[in-house]
Amino acid sequence: MHTNLRIGMIGLDTSHCEAFTKLLNDPSHPFHVPGGKIEVAYAGGSPDLEVSYSRVDKITAALRDEHGVEILSTPEEVAEKSDAIFLTAVDGRVHLDLFQRIVKFRKPTFIDKPFAVTTDEAKQMFELAKAYNVPLMSASAIRFSENLQNNLTDKGSGDVIGADCFGPMNIQPKLPGLYWYGIHSIDVLYRIMGKGCKQVTSTTNEDYEYVIGVWEDGRIGTVRGNRKGNKLFGASIHRESETDFIYATKQEKPIYAGLVEDALNLFKTGKASIEPEETIEVIRFIEAANESRETGKSVHL
């Protein structure tokens, strides 16, 4: 691979496309991430998802006309002409199909949230990645908040004994339950707690979500989702000697910059900062939370 990676983008239907491209392609950006450029892309789009099809033309034009990205007609062409890939399609339902189409090109791939909308699909993608020896990773950008990373690096207050996370949680009917926006706060919970949740219980009404996870070691982590009021993300992180409160999105450094830096590391080293088992468990946690929302009962993972 070249020192400056030729990066492809698949699925031009999310604001993340322009955010990632500006960080990589514009050296004058105050948080420019060096090491690669978005050079080729495939527009895609889901015809039954308004938040997808309504954005494709505008984002495609912006990447082509403002950032010099070459627009190609298939995902396969993008994979062939790239050293690494951002699979940014906003519709988690299409990720398995798109990944199946490009995995044979053996290019390191970052898949934007939600990685999948079933645990089975999540497992299938990691099995494909293993079979073709493709470095693969997925995460919410909120996981890479500088405030969050700095707090978790500082172990002065002892081990994490629990966490209460919060954030906006809009529902998108085509992407079931908490997959659309719940994944952000749930990914933050996993960044704090790590894997090992055994049981999930959800409460839901028109304006709010509340999800309680019980870990195998007895620790408890919660997620509060808001559909009214503020749209801030954050968490209370409980440790042995004190509790820290952080806002994940009130900071100078854009959260996307942290994600792009981490993705570049994946592309260059082939090593993901998140274990596949954790990513699969995040999807299973959401699946269980959705089931609990419907039944009112606790669900075992």
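Scroll up a little and you will see the structure.
Residues numbered from 1 in each chain as written. Predicted model: local features only at pLDDT ≥ 70, side-chain atom pairs only at ≥ 80, totals over all residues. Heavy atoms only, no water.

## A closer look at the packing of aromatic side chains
In total, this model carries 13 aromatic pairs according to the counting rule given. With a centroid separation of 5.7 Å and an interplanar angle of 85 degrees, the aromatic rings of Tyr190 and Phe285 are classed as edge-to-face. A residue pair is termed long-range when its members are at least 10 positions apart, and Tyr190 in helix α8 (residues 182-193) and Phe285 in helix α10 (residues 276-295) qualify at 95 residues. In terms of burial, Tyr190 and Phe285 fall into one category: buried. One aromatic cluster is present, formed by Phe20, Phe86, Phe110, Tyr256 and Phe267 through successive ring pairs. One residue, Arg224, lies across the ring of Tyr208, its end atom 4.9 Å from the ring centre. Its guanidinium or amino end placed over the ring of Tyr247, Lys250 lies 4.4 Å from that ring's centre, counting from NZ or CZ. (Phe/Tyr/Trp six-rings, centres within 6.5 Å; stacked < 30°, edge-to-face > 60°. Helix = DSSP H or I, 4+ residues; strand = E, 2+ residues; numbered from the N terminus. Buried < 20%, exposed > 50% of the residue type's maximum accessible area, 1.4 Å probe, protein only. Lys NZ or Arg CZ within 6 Å of the ring centre and 35° of its normal.)

## Thoughts on empty space enclosed by the protein
A complete count under the given rule lists one cavity of 30 Å³ or more for this structure. Looking at the largest cavity, its volume works out to about 80 Å³. Taken together, Lys113, Phe115, Ser138, Ala139, Ser140, Arg143, Ile183, Asp187, Ile274, Thr279, Val282 and Ile283 make up the lining of the largest cavity. Breaking the lining of the largest cavity down by element, the ones donating at least two residues are α8 and α10. No other element matches the three residues that α10 contributes to the lining of the largest cavity. (1 Å grid on protein atoms, 1.4 Å probe; cavity = no way out; pocket = protein on both sides within 12 Å on 5 of 7 lines; lining within 4 Å. Points joined across faces, edges and corners; volume = space filled by probe spheres on them.)

## Considering the nonpolar core
Ranked by internal contacts, the top residues of the largest apolar core, which has 96 residues, are Phe86, Phe99, Ile192 and Phe267. The leading source of residues in this core is helix α9 (residues 255-269), at eight residues. (Core = buried A, V, L, I, M, F, W, Y, C linked by side-chain atoms within 4.5 Å.)

## Considerations on the layout of surface pockets
As a volume, the largest pocket reaches approximately 250 Å³. Ser15, His16, Tyr181, His184 and Tyr256 are, among the 16 residues lining the largest pocket, the residues nearest its centre. For the lining of the largest pocket, a count of residues per class yields eight nonpolar, five polar and three charged. (Nonpolar A, V, L, I, M, F, W, Y, C, P; charged D, E, K, R; others polar.)

## Some points on a nonpolar patch on the surface
On the surface, a cluster of nonpolar side chains totalling about 240 Å² of accessible area is made up of Tyr210, Ile212 and Ile220. The residue Ile220 is located in strand β10 (residues 220-226) in this model. (Patch = residues over 30% accessible without salt bridge, like charges linked within 9 Å, V, L, I, M, F, W, Y side chains within 5 Å. Areas by Shrake-Rupley, 256 points an atom, 1.4 Å probe, with all protein chains shown as cover. Salt bridge = Lys/Arg side-chain N within 4 Å of Asp/Glu carboxyl O.)

## Some remarks on the pattern of salt bridges
Tallied over the full model, the rule gives 16 salt bridges. Two residues, Glu76 and Arg101, come together in a salt bridge whose shortest N-O distance is 3.0 Å. Taken together, the residues span a long stretch of sequence, with Glu76 in helix α4 (residues 75-80) and Arg101 in helix α5 (residues 95-102) at a distance of 25 residues. The partly exposed category is assigned to Arg101, whose relative accessible area is 28%. The network of salt bridges with common partners includes Asp48, Asp91 and Arg93.

## Let's talk about helix α1 (residues 15-25)
Taking burial as the measure, the 11 residues of α1 include nine buried ones, the bulk of the element. Taken together, the buried positions of α1 are occupied by His16, Cys17, Glu18, Ala19, Phe20, Thr21, Leu23, Leu24 and Asn25.

## Focus on the sheet that holds strand β5 (residues 109-111)
Pairing is parallel in the open sheet, where six strands are placed in the order β3-β2-β1-β4-β5-β6. What marks the edges here is a single partner per strand, and that holds for β3 (70-72) and β6 (136-138). Sheet twist, expressed as the mean angle between neighbouring strand axes with direction ignored, is 25 degrees. Here strand β4 (residues 84-87) runs beside β5; their pairing, made up of three bridges, is parallel. Looking at the pairing, Phe86 lines up with Phe110 of β5. Of the strands in this sheet, β1 (5-10), β4, β5 and β6 are in contact with α5, which crosses β4 at around 165 degrees. (Pairing = 2+ DSSP bridges. Axes fitted to C-alpha atoms, helices over the stretch in contact; angles between N-to-C directions. Contact = heavy atoms within 4.5 Å.)

## Points about the packing of α1 against helix α3 (residues 56-67)
Remark: α1 packs on α3, axes separated minimally by 9 Å, with the N-to-C direction vectors making an angle of 15 degrees. It follows from the interaxial angle that α1 and α3 lie roughly parallel. Considering only the axes of α1 and α3, their crossing is right-handed. The residues of α3 that touch α1, namely those facing Ser15, Cys17, Glu18, Thr21, Lys22 and Asn25, are Ile59, Ala62, Leu63, Glu66 and His67. Looking at side-chain class alone, the contact of α1 with α3 contains four nonpolar, four polar and three charged residues. (Parallel < 35°, antiparallel > 145°, perpendicular 65-115°, else oblique. Left-handed = near helix turned anticlockwise from the far one by under 90°.)

## What about α9?
In a regular helix each residue adds 1.5 Å, so 15 residues correspond to 21 Å; α9 covers 22 Å between its end C-alpha atoms and thus fits that length. Three or more residues of α9 are buried, namely Ile255, Ala257, Gly258, Leu259, Val260, Asp262, Ala263, Leu264, Leu266 and Phe267. Where the residues of α9 are buried, they touch β1, α1, β2 (36-42), β4, β5 and β6. Note on α9: the residue one or two positions beyond its end, Gly270, has a positive phi of about 80 degrees. (Expected span 1.5 Å × (residues − 1).)

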